[in-house]
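# Notes for the structure review
Here's the letter readout for the chains.
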Amino acid sequence: MKRYSCDVLVIGGGLAGCWASIRAQQLGANVILVDKGKVGYSGCSTFAAGDILWWTPKDDLYSWLNNYARWGGYLLDPEWFKRLCYDIYERVLEMSEWGAPFERDSRGNLVRKPGRGHNAAVVFPGFELMKFMRRKIEQAGTNILDRIMVTELLVEDGRVLGAAGFNVRNGEFYLIEAKAVVLSTGGCSWKGNYFGQDMVCGEGYALAYRNGAKLMNMEYSNCYNSTYRYFDIYGLSRFQRLGGKFTNALGERFMSKYDPELGDGAFLHTIAIAMAKEVMEGRGPIYFDLTEMSEEDRSLSRKLLPMLFEMFDQAGVDPFKERLEWIPGFQGSIGTGSGLMLTDEFCSTNIKGLYAAGDAACEGLVIGGINGPGAINLSWAIVTGYRSGEGGARLAKSIEFKKPEDALINDCQKSTFRFLLKDGEISPQEVYYQLQESVIGWDKSIIRHRDRLNESLNRIKIVEEELIPKIRASDFHQLMRCHEVEATLITTEMVLRSALLREESRAAHFREDYPKTDNLNWLKWIVVEKNKDGMKFETIDIPKKNYEKYGIKLPL
Ligand SMILES: Cc1cc2nc3c(=O)[nH]c(=O)nc-3n(C[C@H](O)[C@H](O)[C@H](O)COP(=O)(O)OP(=O)(O)OC[C@H]3O[C@@H](n4cnc5c(N)ncnc54)[C@H](O)[C@@H]3O)c2cc1C
């Protein structure tokens, strides 16, 4: 066994985890950052198209807040939205001073480009930013443990004492004791058919849930991105606002029918519904047309997305000369409003010492029910990373270490390796496929219905009762896959049951059997936690006082 101890343990080294580590270290904490992949090369952050929403004091906070509140179905918390804007202004300047690879104009000023719902994202090549962040963390002296999958949180008497896991290459057991733990494990992608997200399977949600944490807005984990039919395209948010147009088989532009305000620049959930309806009504396939993009934006796109254009070149496709056949690509909870419930401005959860950041934390606090708001996801990762790192470091200064009991450590070790020890018959991949079948598909996530949600719940019951007991791990890589399956199973149940509970349609949650928005009964968040009988759900009112405070009129 390898045993470590630190003040703040950060689990997951995407942009949120990197920022949590940096901030905790800045405040003098001794930090360990673990990732089941390699920090700087893993996580959706690494594959991001390179847009960070950057509010500046010259922008009108009220109009931003008003728009996002309306677009997100009034599920955001205005107080958190303001925090996001003020903080991201500072953080982007800080990153810029460090030399982050942001695009600048000829006078050296940061360039802001439009995207879904905004005109204000700083832009950069995604891969370069995360390598840059890794170097920054290494320079600060943070202990980075790559390729360690965390499988258990050590929680005693409602307080987190660290985490346990294993090295995915050699199977060595790791125990890391900590005074505070930040969960920045990303979202849950269900390994859907979209690029750069297979590594995030809801492990953070499951780790926290199993130990009593509350999660919120899980019904909004149903994001469909959209992409080229033959390989994945990222950067759609920017493309949409730089001249990109959606057309159907008849050559008609159809987006303004579904979103008269944003048209071709609509959010992902509107695009998904529009595509599904156009195809169902016989006007498919759908195309995305970039032929009218300006020369300047074409060369910027090539610069920011070199890998994508290499693929186009290799395939002999010129997206600026021909329209591209376009299909939906499932993205699950990446960049959506679901995740761990935050109980204060330092991203605490309801478990003492446990913090959440990035896609693991409930981004609905700033986007409500929007799926795929361009560029805010990375701002959220930065801001919550920073705040959770600060929360963890402050707590660490104020409390003593508490050693976990040996019995707890033994239980964690047994649980970590349990899939290796028994003779199973089924590979984790086969089981994962069943989970994908429960949520992926226009009729499961884009247009929901009680009967289909119940069908999916029945399917995952079989997974839980009949398949999970039979999965086997023939090596440590497969062991990682087994833990991923288990985490995605828990996430799937939360999502389906929350979606069943919300008997209305609001923003990205569309119920065929309840097509109207019900403001009288559903200006509410759905919260889930574990109790002795399984999942317990409750609803809580959105913070109406904060809407009043910022002069935002609720649709009542
Ligand atoms: C292709 C693509 C393009 C995108 N482009 C943009 C964009 O331009 N702008 C924008 O705002 N948003 C974008 N998004 C969304 C954005 O990338 C994510 O919302 C954001 O990166 C989340 O950051 P994070 O740090 O929370 O998680 P991630 O970057 O996903 O990192 C999570 C990390 O946790 C690790 N991990 C998970 N489980 C465990 C475990 N059990 N043990 C140890 N480690 C674990 C993973 O290996 C991973 O490295 C894009 C998403 C995709 C997929």
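This write-up is about the structure you can find in this document. All values derive from a computational prediction rather than experimental measurement.

Attention now moves to the pattern of salt bridges. Once their charged atoms are close, side chains differing in charge can pair, the charge on each being opposite to the other. Enumeration according to the criterion identifies 43 salt bridges in this entry. Of the charged contacts, one joins Arg452 and Glu512 as a salt bridge, the two residues approaching to 2.7 Å between their closest N and O atoms. Of this pair, Arg452 sits in helix H17 (residues 450-467) while Glu512 sits in the loop between helix H18 (476-501) and helix H19 (519-522), placing them 60 residues apart in sequence. Counted as one network, the salt bridges with shared partners bring together Lys36, Lys191, Glu203, Arg481 and Glu484.

All right, on to the site of the ligand then. By nearness alone, 37 residues border the ligand, and Asp35, Ser45, Asp51, Asp359 and Leu378 come closest of all. Within the backbone of Cys44, an N or O atom sits 2.9 Å from an oxygen atom of the ligand. Within the backbone of Asp51, one N or O atom sits 2.9 Å away from a nitrogen atom of the ligand. In isolation the ligand has 1000 Å² of accessible area, and contact with the protein removes 97% of it. Elements with a minimum of two residues in the shell around the ligand: helix H1 (15-26), helix H2 (44-47), strand S7 (148-156) and helix H13 (376-398).

What follows is about the packing of helix H6 (residues 203-210) against H18. Where H6 meets H18, the axes come as close as 8 Å, and the angle between the chain directions of the two elements is 75°. Classed by the angle they form, the pair H6 and H18 counts as roughly perpendicular. Touching Glu203, Tyr205, Ala206, Tyr209 and Arg210 of H6 are Glu484, Glu486, Ala487, Ile490, Thr491 and Met494, all from H18.

Let's shift gears to the nonpolar core. With 199 residues, the main nonpolar core has Leu9, Ile52, Phe102, Leu129, Met133 and Trp326 as its most contacted residues. Sorting elements by how many residues they give to this core places H18 first, with 12 residues. Leaving out residues up to four positions away in the same chain, Ile52 has contacts with Ile88, Val92, Phe102, Ala120, Ala121, Val122, Phe124, Leu129, Ala375, Leu378, Ser379 and Ile382.

Relative to the assigned elements, Ser237 resides in helix H7 (residues 236-241). In terms of polar contacts, Ser237 uses its side chain to reach the backbone amide nitrogen of Arg116, at 3.0 Å. Ignoring anything within four residues of it in the chain, the contact list for Ser237 reads Gly115, Arg116, His118 and Gly374.

Before going further, it helps to examine the environment of Gln436. On the secondary structure map, Gln436 appears in helix H15 (residues 428-439). Residues Gln436 and Trp190, spaced 246 residues apart in sequence, show a C-alpha to C-alpha distance of 6.0 Å. Leaving out residues up to four positions away in the same chain, Gln436 has contacts with Trp190 and Lys191. Reaching out from Gln436, the side chain makes a polar contact with the backbone oxygen of Lys191 at a distance of 3.1 Å.

This part takes up the pairing of strand S2 (residues 31-35). Among the five residues in S2, five count as buried, and that is most of the element. Side chains Val31, Leu33 and Asp35 of S2 all project onto a buried face; the interleaved residues Ile32 and Val34 project onto the opposite face, where all are buried too. In terms of strand pairing, S2 meets strand S6 (residues 143-146) through four bridges, oriented parallel. Bridge pairing in S6 places Val34 opposite Leu145.

In terms of burial, strand S9 (residues 173-183) is a largely internal element, 11 of the 11 residues being buried. Looking at chain direction, strand S1 (residues 2-11) and S9 are connected through nine bridges and run parallel. Its bridge partner lying in S9, Ile11 is registered against Leu183. Sheet topology places strand S8 (residues 159-167) next to S9; five bridges connect them, and they run antiparallel. What sits directly across from Gly162, in S9, is Glu177. The hairpin formed by S8 and S9 contains five residues between the paired strands, and Gly171 there has a positive phi angle of roughly 80°.

Quick look at helix H5 (residues 126-140) now. Across its 15 residues, H5 extends 22 Å between first and last C-alpha, which sits within 8% of the 21 Å expected from 1.5 Å per residue. For H5, the complete set of buried residues consists of Gly126, Leu129, Met130, Phe132, Met133, Arg134 and Ile137. For H5, the secondary structure elements touched by its buried residues are H1, S2, H2, strand S3 (51-53), helix H4 (78-98) and S6. Looking one or two places after H5, you find Gly141, whose phi comes out positive at around 90°.

The rules behind these values
Residues numbered from 1 in each chain as written. Predicted model: local features only at pLDDT ≥ 70, side-chain atom pairs only at ≥ 80, totals over all residues. Heavy atoms only, no water. Salt bridge = Lys/Arg side-chain N within 4 Å of Asp/Glu carboxyl O. Helix = DSSP H or I, 4+ residues; strand = E, 2+ residues; numbered from the N terminus. Near = heavy atom within 4 Å. Polar contact = N/O pair within 3.5 Å; in protein donor to acceptor, adjacent residues only side chain to side chain. Areas by Shrake-Rupley, 256 points an atom, 1.4 Å probe, with all protein chains shown as cover. Axes fitted to C-alpha atoms, helices over the stretch in contact; angles between N-to-C directions. Parallel < 35°, antiparallel > 145°, perpendicular 65-115°, else oblique. Contact = heavy atoms within 4.5 Å. Core = buried A, V, L, I, M, F, W, Y, C linked by side-chain atoms within 4.5 Å. Buried < 20%, exposed > 50% of the residue type's maximum accessible area, 1.4 Å probe, protein only. Pairing = 2+ DSSP bridges. Expected span 1.5 Å × (residues − 1).

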